[in-house]
Amino acid sequence: MENKVLRKLFLGFIHIHILHHAKEEPVYGSWMVEELHEHGYDISAGTLYPILHGMEKDGLLSREDVNVDGKIRKYYRTTDKGDIVLQEARAKAYELFKEIK
């Protein structure tokens, strides 16, 4: 039970991380996995890619396919909608952290 609750909570944080980095510059899956690992998230590509695809489907991210050394790499950036959601998430997170600090 506790792991399920933490997993749901951390998935929300992961979405915010993705939006944050995709706003700064285009990101791709394997880089994002490594970035999340640096922040202590144990996430696999098999978990991340469906998240990225879902965020794209929801209109939060746009994707550009780029040929890199003969392989197609999918780069993701935030959309205008993704930028708005990120701003709202930052504001809510800030209020929450002020309260629980």
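Remember, predicted model here, so these are calculated numbers, not experimental data.

Cut-offs applied
Residues numbered from 1 in each chain as written. Predicted model: local features only at pLDDT ≥ 70, side-chain atom pairs only at ≥ 80, totals over all residues. Heavy atoms only, no water. UniProt positions renumbered as here; feature names shortened; annotations may be inferred. Helix = DSSP H or I, 4+ residues; strand = E, 2+ residues; numbered from the N terminus. pLDDT = per-residue confidence, 0-100. Phe/Tyr/Trp six-rings, centres within 6.5 Å; stacked < 30°, edge-to-face > 60°. Buried < 20%, exposed > 50% of the residue type's maximum accessible area, 1.4 Å probe, protein only. Lys NZ or Arg CZ within 6 Å of the ring centre and 35° of its normal. Salt bridge = Lys/Arg side-chain N within 4 Å of Asp/Glu carboxyl O. Pairing = 2+ DSSP bridges. Patch = residues over 30% accessible without salt bridge, like charges linked within 9 Å, V, L, I, M, F, W, Y side chains within 5 Å. Areas by Shrake-Rupley, 256 points an atom, 1.4 Å probe, with all protein chains shown as cover.

1. Here's the deal with the UniProt feature "domain: Transcription regulator PadR N-terminal" (unreviewed entry) in the chain
Right, so step 1: UniProt's feature table lists "domain: Transcription regulator PadR N-terminal" (unreviewed entry) at residues 18-87, given in the numbering used throughout.
Right, so step 2: The span residues 18-87 is 54% helix and 23% strand, and its two end C-alpha atoms sit 13 Å from each other.

2. Concerning the confidence of the model for the chain
Right, so step 1: Within the chain, residue pLDDT values average 94, and 98% of them lie at 70 or more.
Right, so step 2: Model confidence for the chain, summarised as mean pLDDT per element, is weakest for helix 1 (residues 2-24) at 92 and strongest for strand 2 (residues 71-78) at 97.

3. What about the packing of aromatic side chains?
Right, so step 1: Counted by the stated rule, this structure contains 3 aromatic pairs.
Right, so step 2: Here Phe-10 and Phe-13 contribute two aromatic rings whose centre-to-centre distance is 6.0 Å and whose plane-to-plane angle is 40 degrees, an arrangement assigned as tilted. Of the two residues, Phe-10 and Phe-13 are both situated in helix 1; the distance of 3 residues between them amounts to about one turn of the helix.
Right, so step 3: Look at Phe-10 and you get partly exposed, because its relative accessible area is 36%.
Right, so step 4: Judged by its relative accessible area of 27%, Phe-13 falls in the partly exposed class.
Right, so step 5: Between Tyr-28 and Tyr-75 the ring centres are 5.4 Å apart and the planes differ by 75 degrees, which places this aromatic pair in the edge-to-face class. One end of the pair, Tyr-28, is in the loop between helix 1 and helix 2 (29-38); the other, Tyr-75, is in strand 2, and 47 residues separate them in sequence.
Right, so step 6: Joined through ring pairs, the aromatic side chains of Phe-10, Phe-13 and Tyr-41 make up one cluster.
Right, so step 7: Stacked on the ring of Tyr-28, the Lys or Arg Arg-73 has its end atom at 3.9 Å from the ring centre.

4. Concerning the pattern of salt bridges
Right, so step 1: Evaluation of the coordinates by the stated rule reveals 4 salt bridges.
Right, so step 2: The salt bridge partner of Lys-98 is Glu-95, with a shortest N-O separation of 3.3 Å. Taken together, the residues span about one helical turn, with Lys-98 and Glu-95 both in helix 4 (residues 80-100) at a distance of 3 residues.
Right, so step 3: For Lys-98, a relative accessible area of 45% translates into the label partly exposed.
Right, so step 4: The exposure class of Glu-95 is partly exposed, given its relative accessible area of 45%.
Right, so step 5: A network of salt bridges, in which partner residues are shared, links Glu-56, Arg-63 and Asp-65.

5. Notes on the pairing of strand 1 (residues 61-68)
Right, so step 1: As defined by bridge partners, strand 1 adjoins strand 2 across 8 bridges and the pair is classed as antiparallel. Bridge pairing links Val-66 to Arg-73 in strand 2.
Right, so step 2: A loop of 2 residues connects strand 1 with strand 2, the two strands running antiparallel in sequence, and Asp-69 in this loop sits at a positive phi of about 55 degrees.

6. Brief notes about a nonpolar patch on the surface
Right, so step 1: Taken together, Leu-6, Leu-9 and Phe-10 make up a surface patch of nonpolar side chains, about 240 Å² in accessible area.
Right, so step 2: Its location among the elements puts Leu-6 in helix 1.

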